[in-house]
Amino acid sequence: MTRWYVYLLKTAGNTLYTGITVDPKRRMRQHSGLIKGGAKALRGKAPLVYYCIFEVADKSLALKLEAWIKQRNRRAKEALIQDASELPYPATRLTDEVIRQMNSTHC
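Residues numbered from 1 in each chain as written. Predicted model: local features only at pLDDT ≥ 70, side-chain atom pairs only at ≥ 80, totals over all residues. Heavy atoms only, no water.

Novice: Could you give me a rundown of the packing of aromatic side chains, with the residues and numbers involved?
Specialist: Within the structure shown, the criterion is met by 2 aromatic pairs. Between tyrosine 7 and tyrosine 17, the aromatic rings sit 6.5 Å apart at their centres with planes inclined by 35 degrees, giving tilted as the arrangement. Of this pair, tyrosine 7 sits in strand E1 (residues 4-10) while tyrosine 17 is found in strand E2 (residues 16-21), placing the two residues 10 residues apart along the sequence. When the centroid spacing of 5.6 Å and the interplanar angle of 80 degrees are considered together, the rings of tyrosine 7 and tyrosine 50 count as edge-to-face. With a gap of 43 residues between them, tyrosine 7 in strand E1 and tyrosine 50 in strand E3 (residues 49-56) connect regions that are remote in the sequence. Each member of the pair, tyrosine 7 as well as tyrosine 50, carries the same accessibility label: buried. (Phe/Tyr/Trp six-rings, centres within 6.5 Å; stacked < 30°, edge-to-face > 60°. Helix = DSSP H or I, 4+ residues; strand = E, 2+ residues; numbered from the N terminus. Buried < 20%, exposed > 50% of the residue type's maximum accessible area, 1.4 Å probe, protein only.)

Right, dumping it as structure tokens:
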């Protein structure tokens, strides 16, 4: 069974971007322009760093959680990062150490 991830990226301009993927390392490389397939909204906004990543059981949950997060304002998104118990769907937040490793290896 494939695991899905819902992520929040922070841009150089301190903007938060939310998306989903099955491979966070590859997705960051895409968004950073190292390989084909990044989001147009992130072009020219490097450096990008993962701010938070949630692991979910399937694509359906990933899409629902992504949509729910996108409806939140910045303050609410930042609160989720501190306390994931507010999430309406089952998700596990990856540890700060795992996120740091992903941020340091995407270049």
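Novice: An account of the pattern of salt bridges is requested, with residue identities and associated values reported.
Specialist: Using the criterion set out here, one finds 6 salt bridges in the structure. Where arginine 93 meets aspartate 96, a salt bridge forms, and the shortest distance between an N and an O atom there is 2.9 Å. (Salt bridge = Lys/Arg side-chain N within 4 Å of Asp/Glu carboxyl O.)

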